[in-house]
Amino acid sequence: MEYYDENMKIGVFDSGIGGTTVLEAVRRRLPEVEYMYIADSENCPYGEKPDEELYEIVRRNVEKLRDFGAEIIVVACNTATVKCIDRLRRDYPELKFVGTEPAVKLALASGARKVLVLATPNTIESERLHTLARQNATDEQEVDYKACPGLAEVIEKNLKNNPGEISKKLAELLSFNDRYEAVVLGCTHYPLVSDMIQRYYPNAKLIDGAEGVAKRVQSML
């Protein structure tokens, strides 16, 4: 039996609805904890903003969650994690942060020889992502990267009312490829349309980092 403080408060934020995929994974493991979720749709997408502008947006969300009483804050955004989490830990030492990073390590650990990472431009360009891949890939494994500008925003605006717009955007960005064995969904919005993405990579296992984040949060309690 696992025991934890049911009065604990956990804050989660993302640029809109994408982070709900992470929130639900955490809630499945810790159902009694009180949560506050910030869906920062006003500033969606995070993945194409300059670093300083992004940090200021992220900082405001962190302070709202801190004022709510959150002791653990989940950065449920891959871009905000790779760009901001080290600075957040320095600026807010009284808080515990859990980041969300593209699950490239998990994809490589699965034994997949050809892996594709789909993510926002800022995440794809981050050295942190490429270092993670280099540290975990064997000589037989290959990791490719595909930036998907605008996709998170299109998902945010059209998921409920106009999925045709999402299909159109995916067709602009992706090409059919049956050689990939694993595709990393490196933005928390992408799992919301995993069935659409799967059509382009029929032989690939789609992998996201939500469950890994949930395990990390649980271990911190």
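As shown above, the structure is provided for reference.
Rules used throughout
- Residues numbered from 1 in each chain as written.
- Predicted model: local features only at pLDDT ≥ 70, side-chain atom pairs only at ≥ 80, totals over all residues.
- Heavy atoms only, no water.
- Helix = DSSP H or I, 4+ residues; strand = E, 2+ residues; numbered from the N terminus.
- Expected span 1.5 Å × (residues − 1).
- Buried < 20%, exposed > 50% of the residue type's maximum accessible area, 1.4 Å probe, protein only.
- Contact = heavy atoms within 4.5 Å.
- Pairing = 2+ DSSP bridges.
- Arc of directions from axis to C-beta.
- Polar contact = N/O pair within 3.5 Å; in protein donor to acceptor, adjacent residues only side chain to side chain.
- Phe/Tyr/Trp six-rings, centres within 6.5 Å; stacked < 30°, edge-to-face > 60°.
- Lys NZ or Arg CZ within 6 Å of the ring centre and 35° of its normal.
- Axes fitted to C-alpha atoms, helices over the stretch in contact; angles between N-to-C directions.

*Asks:* What's the story with helix H3 (residues 78-91) in this structure? I'm lost.
*Replies:* Relative to the 20 Å expected for 14 residues at 1.5 Å per residue, H3 spans 19 Å between its end C-alpha atoms, a close match to the ideal helical length. Among the residues of H3, Asn-78, Thr-79, Ala-80, Thr-81, Val-82, Cys-84, Ile-85 and Leu-88 are the ones counted as buried. Summarising the contacts, the buried residues of H3 are in contact with helix H2 (51-68), strand S3 (72-75), strand S4 (96-99), helix H5 (121-125) and helix H6 (127-136).

*Asks:* Explain the side chain of His-189 to me, please; I cannot follow it from the model alone.
*Replies:* Mapping His-189 onto the fold places it in the loop between strand S7 (182-185) and helix H9 (194-198). Setting aside residues up to four positions removed in sequence, His-189 forms contacts with Asp-14, Ser-15, Gly-16, Ile-17, Gly-18, Cys-44, Ala-152, Ile-155 and Glu-156.

*Asks:* Got a minute to help me understand the pairing of S7 in this structure?
*Replies:* Both faces of the sheet carry side chains from a regular strand, because those side chains alternate between them. Judged by which residues are buried, S7 turns out to be covered on both faces: Ala-182 and Val-184 on one side and Val-183 and Leu-185 on the other are all buried. With 4 bridges connecting them, strand S5 (residues 114-119) and S7 associate as parallel partners. Opposite Val-115, over in S7, you have Ala-182 as the bridge partner. Bridge count between S7 and strand S8 (residues 205-207): 3 bridges; the pairing is parallel. Counterpart to Val-183 in the pairing with S8 is Leu-206.

*Asks:* Explain helix H8 (residues 163-173) here, please?
*Replies:* Think of an α-helix as turning once every 3.6 residues; residues three or four places apart then point the same way. Restricting attention to buried positions, one finds in H8 the residues Ile-166, Lys-169, Leu-170 and Leu-173. Seen end-on, H8 carries its buried residues on one side only, within an arc spanning 100°. For H8, the elements touching its buried residues are strand S6 (142-147), helix H7 (151-158) and H9.

*Asks:* Help me understand the side chain of Lys-169 in this model?
*Replies:* Here Lys-169 lies in helix H8. A relative accessible area of 18% means that Lys-169 is categorised as buried. Within the structure, the side chain of Lys-169 is placed 3.4 Å from the backbone oxygen of Pro-149, a separation counted as a polar contact. With sequence-adjacent residues up to four places away left out, Lys-169 is seen in contact with Pro-149, Gly-150, Leu-151 and Val-154.

*Asks:* Any chance you could explain the packing of aromatic side chains here in plain terms?
*Replies:* Any two aromatic rings considered together are summarised by their centre-to-centre distance and by the angle between their planes. Evaluated as defined, the whole model comprises 1 aromatic pair. On the basis of an interplanar angle of 75° and a centroid distance of 6.0 Å, the ring pair of Tyr-180 and Tyr-201 is categorised as edge-to-face. Of the two residues, Tyr-180 is situated in the loop between H8 and S7 and Tyr-201 in the loop between H9 and S8; the sequence distance between them amounts to 21 residues. Across the pair, Tyr-201 and Tyr-180 agree in class, each one buried. The ring of Phe-68 is capped by Lys-9, whose NZ or CZ atom sits 4.9 Å from the centre of that ring.

*Asks:* Just checking my understanding: could you explain the sheet that holds S8 for this structure?
*Replies:* Sheet strands pair by backbone hydrogen bonding; their relative direction is either parallel or antiparallel. Sheet architecture is open: 4 strands sit in the order S6-S5-S7-S8, paired in parallel fashion. Two strands in the sheet have a free side with no partner beyond their single neighbour: S6 and S8. With strand direction ignored, the average angle separating the axes of adjacent strands in the sheet is 20°.

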